[in-house]
Every structure is written in structure tokens, then in C-alpha cells.
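# Descriptive structure summary
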Amino acid sequence: MTKTTTSDHVLIFDTTLRDGEQSPGATMTHDEKLEIAEMLDEMGVDIIEAGFPIASEGDFEAVAEISRRSKNAVICGLSRAMPRDIDRAWEAVKHAARPRIHTFIGTSPLHRDIPNLTKDAMADVIHETVTHARNLCDNIQWSPMDATRTEHDYLCRVIEIAIKAGATTINIPDTVGYTAPRESADLIKMLLERVPGADEIIFATHCHNDLGMATANALAAVEAGARQIECTINGLGERAGNTALEEVVMALKVRPDIMPWKTKVDTTKIIGLSRRVAQVSGFAVQFNKAIVGKNAFAHESGIHQDGMLKNSETFEIMRPEDIGLSETNLVMGKHSGRAALRSKLGDLGYDLADNQLRDVFVRFKELADRKKEIFDEDLIALMGDGTDAENDRIKVKSLRVVCGTEGPQSADLTLEIDGEDHQVTAQGDGPVDAVFNAIKTLFTHDARLQLYQVHAVTEGTDAQATVSVRMEENGKIVTGQSSDTDTVVASAKAYVNALNNLLVRREKTKP
Ligand code: KIV
Ligand code: ZN
């Protein structure tokens, strides 16, 4: 293996499907996971952490299928420091052309207390479990969870044990987003200096964003000798999220003068992945998010616009095309054909099979009948609309609402449930509340609404609204999303979409 510090390449380890999906409410379906993995592989990430195979049957199946379909990337499965976890991870990743097992244990004083292990006892567990993993697979990643709050002497000791037992990558997680750039760099430097065998393995950096420093901490670690960055698309992840893939990759691309490390990522695929992950996770990207936010390349002030027209470099350090944003916002309408739609969706990062295009084309025509001009954003919203799937148990058949100053506001709703129509009229505090009450009457459930969010997709009074709904039932969190020019219809469909996802979750987690 090459010496960690001398390589001018940084490996990109994407954990959107594991650490990202672990974020409450970000659950993705099996098919969505396969689609994201394929997009990541095509984009050129080096390693895809596809899931936590022991966590559920669904996770296992997704990691196994992603492994079978993988083309270039190493496929990694996470496991705790337990032989049965490691075996399960191996069962799932062994189908990959290039499999990796990632095993971890919390090494900081707080984490050692949970299993109530002494330092010596934990060192033995690390030796046994890494040896066990290495006997199954020759590509082993080991993580001392909460490394940034672990005593340095102990951290050096356990890393040495893991290397001797066969770990080929040592990941240094800042599990609670506690560190800062200088400390992040010093830690890697210290480990490279003190741990015997450290120059024979790859050090990885895995940062959380609780203090908003995840990207800076990851890049500082690379400067000190780490050669693998663990990150997620859009920075998706628990609490404030993980290091954002698009941020580290673009920082390295834009500033090779001070950060001369290359990645294999095709940056023009960034925006397509960002949008798809936002859609399937239900976590919208904030407008001013670096690189992928709606405003990241927007210049509104007169001075900026003037400068941009004269020379785009006055206010732009990267070009929209670098991340796959096409400059034209070609307007489509009801006369646009299937070929034009395919080409436009291709520009937006969607590569559709013929049957998918057929389905989207029908929905595109329906939208074009109601909306004169269809913009990129409308198509993106259309692609993210998960409603009316063939196997949905609940479907919105018809809806009429009474709203305005003369209450009571009410909703007259017909739902198709398991193939049969059911109708009710319900009242509420406003039309959306009335619709949700009607749905609850027709399909009784105890799920609690956690979030209801409306975004205007474009400007203008005929704009579509995208509605996102998040609900929780016995700790299971699901999301639903729908777009329509009628906000109340979008709300009904988003709620029903979340319910359908809940029914799938119930089925999958049945004892
Ligand atoms: O943040 C963390 O510590 C993790 C580990 C499982 C690597 O995600
Ligand atoms: Zn993490």
C-alpha cells in the first residue's frame, strides 16, 4: 500500500446511504438506495458505504444488491465490534467486486462506559474483531468512534492494535462535531508520528457539522496527511449533518494552489445527485447552501450583475457548469415532445429508462395543460413527486375544498384504499387541516405529524408548490412529498405519500 502522506490523491468515501440515511426522517426506499448508489458510482466516488447490514433486513438487502450491481467503487458495510455483526456485513458486501468491511467501537471515556469495558478489555475486543474481519476480507476499515475525545495515548494504542490485526484504513471520527481545524490537523499529525505502522495504512477523516466546521476540519486533516474524506451529499446526516461531499470536492478543485490533492469525482454530476438526494430523503437544500443551494450562483445586486456581465470571474470562483448546472433554463410547454423532455432531463442529471420516461411524460403533459411554461425547477419537482405509484395502497381520487373568510373550511375527499373508494367530508382550521382530518377519518392511524413544509417551485401565481410532510409512529419516521399547482392537492398527496411509505415500513419491520 502507498504511504498515506505522499499520495496526491484523496479518496472520497460517500456515506449518504449509511450515516446520511441514519438522520431521523431521511429513510430511503430500497429502489431509491440502488439509484443513489448507481449515481455515486458513476460520479466516481472511491468508496460507497451502502448501509449497516445488521440494522435491518431492508438494510442488508440494499447493501447486498448495491454490491452485486457495483461497477467501480469499493462497497462498504458497517458493523459494530461483534463477530455476528461483522459476519452479516461480510454476507452483504461479499458480492461486490471490491468489498470492504467497516467495523467500529466507541473509544472515548464516555463511550467506553456504555459497554462498561476497561481500557484493556476494549483493546482485546478490538484485536479480536479486527482479526475476525480480516479473516473474511482483505479490505478492512476500523473506526475508534468519538476519536476526537479519546485520550491520545489510548488512541495510539488501539490504532496500533487495529493495524497489527489487519486494518487497512483507520478512520478518525469526530462523532459529535467537537473538533476545530487546527486540532483536527494536529491529531492526524500526532497519529502519523506516534503509531507504528501508520505510514502503511490510509487515515480517513469523518467529521460531523455540529459547530459548522465539518468541511474545514476534513480539509485540515487532509493537509496533515489523511487521504480519505468521509462525506455525504448535501451534508445529509444526523443532527447538523456530515461533511458535505460537494464542498470538499469543489474546494479541492477550486484551490489546487493551496490544497494540491486530487479526487476522481466528476463534478458535473454533483447537482443531479444533490437534487435526487434532497428528493428521496425529504431534506430540502437550504437556498444559501454552498455549491448546491438555489442561490449559490445567483447574482441579484446591481453591482454583482454588472460585474458578471463584464467578466464572470469578478464574482464567481467556479462556473455553474462545473457542478452540472446548465446555463440555459430552456422553457418547455405543452407542445414539447418526448425527445425534448428526455434531453432536458438528461441535462438536469436524470438518465431515464424508456418506461420511466413514458410515465414522466404523462405527468409532464398533465402539468403542461395547467401551466403555460415549464421550467427546470418544475421538471425537478415532477421527478421528485413520489405519489400515485402503481403499488400504493392509498390514492387520492378526488378533492374539493371550501375555504375563505366564510368558514367553516371543509374538505370533501375520496380516497382509494386497497382498491375501494371511500368518501368523507371533514372540517378543520383552514383547508389543509380539513384535508388532513378527512384523511385521518378515512384511514385511521396514530402517526404524529412532525413537519409540514411548502415551497414554491418557481415564481408566479401559477407556480407549483412542493409540499413535504414528515410523520412519526412508534419511533419510525417517514416522509412524503408531492408537487402541484394547487397547494391543497399537493398537501393531500404528500400526506398520503407519507402514509404509503409508513405502510411499507410497517411491513418491513414486522417481527
Ligand atoms: O460519527 C461516527 O462516529 C460514525 C462512526 C460509525 C464511524 O459514523
Ligand atoms: Zn458519523
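Owing to the predicted nature of the structure, the values given are computational and were not obtained by experimental measurement.

Looking only at helices and strands, the protein chain features 17 helices and 14 strands. Taking the principal axes of the C-alpha coordinates as reference, the protein chain spans close to 75 × 65 × 40 Å. Counting only residues that meet the buried cut, the protein chain has 54% of its 511 residues in that class. Restricting the contact set of the protein chain to residue pairs at least 6 apart, pairs at least 24 apart contribute 67%.

This part takes up the packing of helix α11 (residues 270-281) against helix α15 (residues 376-384). α15 packs onto α11 with a crossing angle of 45 degrees between their chain directions and a minimal axis gap of 9 Å. With respect to each other, α11 and α15 are oriented oblique. Here the hand of the crossing between α11 and α15 comes out right-handed. Residues Arg275, Arg276 and Gln279 of α11 pack against Ile380, Ala381, Met383 and Gly384 of α15. Looking at the contact of α11 with α15, its residues break down into three nonpolar, two polar and two charged.

Pairs may arise between side chains of opposite charge once their charged atoms sit close together. Scanning the entire structure with this criterion turns up 33 salt bridges. In this structure, Arg112 engages Glu151 in a salt bridge whose closest nitrogen and oxygen atoms are separated by 2.8 Å. Note that Arg112 is positioned in helix α5 (residues 109-113) and Glu151 in the loop between β5 (140-145) and α7 (152-165), a separation of 39 residues in sequence. Relative accessible area serves as the criterion here: at 9%, Arg112 is assigned to the buried category. For Glu151, a relative accessible area of 27% corresponds to the partly exposed category. In this structure, the salt-bridge partner of Glu247 is Lys289, at a minimum N-O distance of 2.5 Å. Of this pair, Glu247 sits in helix α10 (residues 245-254) while Lys289 sits in the loop between α11 and α12 (302-310), placing them 42 residues apart in sequence. Judged by its relative accessible area of 10%, Lys289 is buried.

Quick look at the domain arrangement of the protein chain now. Accessible area lost upon the coming together of the parts is a frequently used measure of interface size. Under the domain assignment used here, the protein chain contains domain 1 (11-281), domain 2 (302-383) and domain 3 (394-508). Once you take the C-alpha centre of each, domain 2 and domain 3 turn out to be 28 Å apart. Facing the eight residues of domain 2 at the interface are nine residues of domain 3. Linking domain 2 with domain 3 are zero salt bridges, by the criterion used here. Our enumeration of links across domain 2 and domain 3 arrives at one residue pair in polar contact (both at pLDDT 80 or more). Where the side of domain 2 that touches domain 3 is concerned, the elements lending two or more residues are α14 (354-370) and α15. When residues in the side of domain 2 that touches domain 3 are grouped by element, the largest group, three residues, is from α15. Looking at the side of domain 2 that touches domain 3 residue by residue, the classes come out as three nonpolar, no polar and five charged.

So, how was this worked out
Residues numbered from 1 in each chain as written. Chains lettered and ligands numbered in written order. Predicted model: local features only at pLDDT ≥ 70, side-chain atom pairs only at ≥ 80, totals over all residues. Heavy atoms only, no water. Helix = DSSP H or I, 4+ residues; strand = E, 2+ residues; numbered from the N terminus. Buried < 20%, exposed > 50% of the residue type's maximum accessible area, 1.4 Å probe, protein only. Contact = heavy atoms within 4.5 Å. Axes fitted to C-alpha atoms, helices over the stretch in contact; angles between N-to-C directions. Parallel < 35°, antiparallel > 145°, perpendicular 65-115°, else oblique. Left-handed = near helix turned anticlockwise from the far one by under 90°. Nonpolar A, V, L, I, M, F, W, Y, C, P; charged D, E, K, R; others polar. Salt bridge = Lys/Arg side-chain N within 4 Å of Asp/Glu carboxyl O. Domains from an automatic or database assignment. Polar contact = N/O pair within 3.5 Å; in protein donor to acceptor, adjacent residues only side chain to side chain.

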